[in-house]
Amino acid sequence: MAAKLRPEEIVTLSVLKNKGQSNTQIAQTLGVSEGAVRYHLRRAGQTDGRQGKPRKADALAEVIDQWLFTHQPVVQQVGQPLRPVNIRGLFDWLSDEHNYDGSYKSVLRFVRAHYPRPRLRPFRRVETPPGAQAQVDWGEFHRIDIGAGPQTLYAFVLVLSHCRKEVLIWCRRMDQLAWQHAHTEAFRRLGGIPAVLRIDNLKTAVGQGAGPWGQLNEAYHSYARSLGFHIDACLPRCPEDKGKVENKVGNLKRRLRLEGRCFASLEELQTWTDQELTRWGQRRLCPATGVSVEASWHAEQARLRPLPATLPLAFDVALTRTVQKDCTISFEGRTYSVPFVLCGLRVEVRGCAELVQVLQQGQVVAEHPRHSRMRLLLNPAHYEGPGDDRVAPPVPLGKMGQRLQEIVLQPVEQRPLDLYAALAEVAR
């Protein structure tokens, strides 16, 4: 049932009544309730008593007019300013500068009644070349059963802008680790990496601000650099900036029809989803090429950036540290060793789900367990090997030092109980 009749429908209602139709017939024709028909017939010819009442903003009419001339650059030929696009700014100014105690809606109604509509601002439709761009977004799916009863899962959706190839990666969370993991799995399924990823202003992507002027999340920015794609954040409140993926989430909810289905695990759900998307891609046509989405995707793969030999692990922390003279760096309250040839250089430290990775020029040079109970984690191999023109190798360990290192590397249950006897053999 329609919630409100349009003016032309009210006129139609009166015409049908004059032609002798009953209220029930009129209600069925217009798709409203019979009570709505009786209400409009009863009020025929009457004026709305709410119209013409004074508004609080009437007392500030001259002030509002002056503000519009100052802040609205486009003025009609008759000299009257156009209605502002952002009336919220006017309301805030009236409240701060003129102690206006009315509501925002009172200002909105006043401006709509006294000023013409602003000019329409159409948006530009652009088709991107193969391999140039992909658009990503999250979708929330409720009551999905993956063996432990209904629960909420999150779908990371990526769509190649040219061929419309879509990838969906299921996640249990929407944190930084899940965000990067979903990217990696999506790129793996695409067989390459597009040059640009257009994203929404999520905290996992944009740490502060929004849009092109926002400050990117450092962990995500580091991840993008390691894979070689550019991050293009949309303008806030502009869903048309990523229209190719914006409607995909809703479409996927309708097309997958997950209600009543039960899967043994998240992996089984992911496999089933991949098969469904492949099947749909073979049937759907790509508007840019005129052939199927699947065939267009295979042709576009040659334009995608090749996947690296080893895809990076997902990480939620990325920092830069200087290697100390003892060949260690500090991270999350712990000290980790790195190869001695990096002494004095700046390295990138990443906190992954299970590991701490140290990178130099994009290459992993050291790995240690993350969140270990130990506060000092050393790898003796980091102090071995030849030096270079900048760094000389550390002084080699003597026999006593070598024996101590051997004991440290042994499991606790295998270490000698009599250390004096074990070391006395070396001393002799």
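The written sequence of each chain sets the order in which its residues are numbered from 1. This being a predicted model, a pLDDT of at least 70 is required before a residue's local features are given, and a value of 80 or more before pairs of side-chain atoms are given or counted; all residues contribute to the totals for chains, interfaces and linings. Note: side-chain values were computed over all heavy atoms of the structure, leaving out hydrogens and water.

1. Some details on helix H2 (residues 23-30)
At step 1: Looking only at H2, the buried set comprises Asn23, Ile26, Ala27 and Leu30. For H2, the arc enclosing every buried residue in end-on projection is 100°, short of the 170-degree limit, so these residues lie on one face. Exposed side of H2, more than 90 degrees from the buried face: Gln28 and Thr29 are the residues found there.
At step 2: In what follows, residue pairs with any heavy atoms lying within 4.5 Å of each other are defined as contacts. The way it works is that DSSP assigns letters per residue, a run of H or I at least four long becomes a helix, a run of E at least two long becomes a strand, and they are numbered from the N terminus. In the core, the buried residues of H2 are packed alongside helix H1 (7-18) and helix H3 (34-42).
At step 3: Once H2 ends, the next one or two residues include Gly31, with phi positive near 70°. The classification of residues rests on relative accessible area computed with a 1.4 Å probe and restricted to protein chains. Under 20% of the type maximum is buried, over 50% is exposed, and intermediate values are partly exposed. Within this analysis, the arc is defined by the directions that extend from the helix axis to the C-beta atoms.

2. Remarks on the nonpolar core
At step 1: Core analysis: the largest hydrophobic core is formed by 36 residues, its most contacted members being Phe156, Ile199, Tyr220 and Phe229.
At step 2: Looking at this core element by element, the count peaks at six residues for helix H7 (residues 176-190).
At step 3: The contacts of Ile199, once residues within four sequence positions are left out, are Val136, Trp179, Ala205, Val206, Tyr220, Ile231, Asp232, Ala233, Cys234 and Lys242.
At step 4: In terms of nonpolar packing, the next biggest core, distinct from the first, is built from 20 residues, Phe141, Ile144, Leu266 and Trp280 among them. Throughout this description, the term nonpolar core refers to a set of buried Ala, Val, Leu, Ile, Met, Phe, Trp, Tyr and Cys residues connected via side-chain atoms within 4.5 Å.

3. So, the sheet that holds strand E2 (residues 150-160)
At step 1: What makes two strands pair is DSSP finding at least two bridges between them. Taken in spatial order, the five strands make up an open sheet running E3-E2-E1-E4-E7, and their pairing is mixed. Unpaired on one side and paired on the other, strand E3 (166-171) and strand E7 (230-233) mark the two borders of the sheet. For this sheet, the mean angle separating the axes of adjacent strands, direction not counted, is 30°.
At step 2: As paired strands, strand E1 (residues 133-145) and strand E4 (residues 196-199) are joined by three bridges and run parallel to one another. The partner of Ala134 across the bridge, within E4, is Leu197. Axes, fitted as lines to C-alpha atoms, cover a helix only where it is in contact. Angles between the N-to-C directions of the axes lie from 0 to 180 degrees.

4. Notes on the packing of aromatic side chains
At step 1: Whether two aromatic rings pair depends on their centres lying within 6.5 Å, for rings of Phe, Tyr and Trp, where Trp uses its six-membered ring; planes under 30 degrees apart make the pair stacked, over 60 edge-to-face, and the rest tilted. Evaluation of the coordinates by the stated rule reveals 14 aromatic pairs.
At step 2: Ring centres of Tyr223 and Phe229 lie 6.2 Å apart, and the angle between their planes is 70°; on these two criteria the pair is classed as edge-to-face.
At step 3: What makes Tyr223 buried here is its relative accessible area of 0%.
At step 4: A relative accessible area of 6% means that Phe229 is categorised as buried.
At step 5: Both rings, one in Phe263 and one in Trp272, keep their centres 5.5 Å apart while their planes meet at 50°; by these two values the pair is tilted. Accessibility assignment for this pair places Phe263 and Trp272 in one class, buried.
At step 6: Lysine NZ or arginine CZ positioned within 6 Å of the ring centre and within 35 degrees of the ring normal marks a charge as sitting over the ring. The ring of Tyr104 has Arg88 lying over it, and the distance from NZ or CZ to the ring centre is 4.0 Å.

Purely geometric numbers; function is a separate question.
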